[in-house]
Amino acid sequence: MSNFELSGSQSYIREKSSTLPSSPAGEFLVQFWGVRGLIPTPSSNASRYGGNTACVEMHVAGKRLIFDGGTGLRILGKIWQELQQPLEAHLFFTNCQANRIQGFPFFAPAFIVENCFHIYGTAASNGASIKQCLYDQMLQPHFPYPLQVMQSELQFYNLTSESDVKLDDVTITTALINQTQRSVGYRVTWQEYSVAYVTDLHPNADQVEQERILQFIKGVDLLIANATYTPPTSHNHDSADLLWQAAVNAAVNAGVQRLAISHHHPDDHDDFLDQVEVDVKSAFSQAIVAYEGLVLTVGK
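Scope of this entry: the structure provided in the associated data block. (Residues numbered from 1 in each chain as written. Predicted model: local features only at pLDDT ≥ 70, side-chain atom pairs only at ≥ 80, totals over all residues. Heavy atoms only, no water.)

**What to know about the packing of aromatic side chains**
- By the definition in use, this model includes 11 aromatic pairs.
- Seen in terms of ring centroids, tyrosine 120 and tyrosine 157 are 4.7 Å apart; in terms of plane orientation they differ by 15°. Their pairing is stacked. Taken together, the positions of tyrosine 120 in strand S6 (residues 116-122) and tyrosine 157 in strand S7 (residues 153-159) put the pair 37 residues apart, joining distant regions of the chain. Like tyrosine 120, the residue tyrosine 157 is buried in the burial classification.
- Ring geometry for tryptophan 190 against tyrosine 193: centres 6.0 Å apart, planes inclined by 45°, an arrangement best described as tilted.
- Since its relative accessible area comes to 2%, tryptophan 190 is described here as buried.
- You can call tyrosine 193 buried: its relative accessible area is 10%.
- Of the aromatic side chains, those joined through ring pairs into one cluster are Phe67, Phe92, Tyr120, Tyr157, Tyr186 and Tyr197. (Phe/Tyr/Trp six-rings, centres within 6.5 Å; stacked < 30°, edge-to-face > 60°. Helix = DSSP H or I, 4+ residues; strand = E, 2+ residues; numbered from the N terminus. Buried < 20%, exposed > 50% of the residue type's maximum accessible area, 1.4 Å probe, protein only.)

This is how it looks when you write it as structure tokens:
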């Protein structure tokens, strides 16, 4: 399935070495299942954009790829159960913070013995692997059942920065996006099409970091990026342009075709996000503010 082999329960990839139907070989589809950052936002004024934390599904060349496992992963899992067929998918995590992994214990397909999931991530800031991070959050008293209760086949892969994962003719490349959070971004390439999932942009990144990110996302058909924001204690809608300027600057400077802004702050209500989209489009016409259920077609 890829250009590396498993070794025991984990493998290390070194440097450079309703739901969408299973897409035909000629399609590349992207669907958003969770678009919030930090924490879930169950609120009446967040109903149009949604309140689940990060989860994006990609169908490319007949393969199922998932990026991040926030609470949106639970919704995706419920839909997948309705398919009533064995599933194989690849889950890629950007980091091990709670909003990226908190949906995994509630991912129902992982409890079905016929299913198989390949799980990828880099080491956390404390050195813990993605397997250890997912395992720890399911220990008592945090969760009633350990990870071992999941009956599907789970294969874990530890990535390093600038790794390549080969799934037949689909290539997933990684790059370090945020040094402080130890967060990685992913670029999915198939034929002449590409999508970059880069959701930890920082407005104060140094020049070296900015240049590395620009090279990583250069010329992609679709960039999925966060709207950078100030900490929750000082979140201020009076400076709304600060929320999206880093993402727009990256899209413009890297020659990106389309931009989808996600990972909205919990305080960003529907009307506010409507205005953000108006402002963003005035600076980058091919931009959209992502909402739960949004489906985008890449290339054709």
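**Side note on unusual backbone geometry**
- The residue after glutamine 140, namely proline 141, is reached through a cis peptide bond having omega 5°.
- One non-glycine residue with positive phi stands out, namely leucine 38, at about 65°.
- On the secondary structure map, leucine 38 appears in the loop between strand S2 (28-34) and strand S3 (55-60).
- At glutamate 162, a residue that is not glycine, the phi angle is positive and equals roughly 60°.
- By the element assignment, glutamate 162 lies in the loop between S7 and strand S8 (164-167).

**Re helix H1 (residues 72-81)**
- Every buried residue belonging to H1 is among Gly72, Leu73, Leu76, Gly77, Ile79 and Trp80, and all of these are buried. For H1, the angular spread of the buried residues around the axis is 165°, confining them to a single face.
- Contacts from the buried residues of H1 go to S2, S3, strand S4 (63-67), strand S5 (88-92) and S6. (Arc of directions from axis to C-beta. Contact = heavy atoms within 4.5 Å.)

These figures come from the coordinates and say nothing about function on their own.
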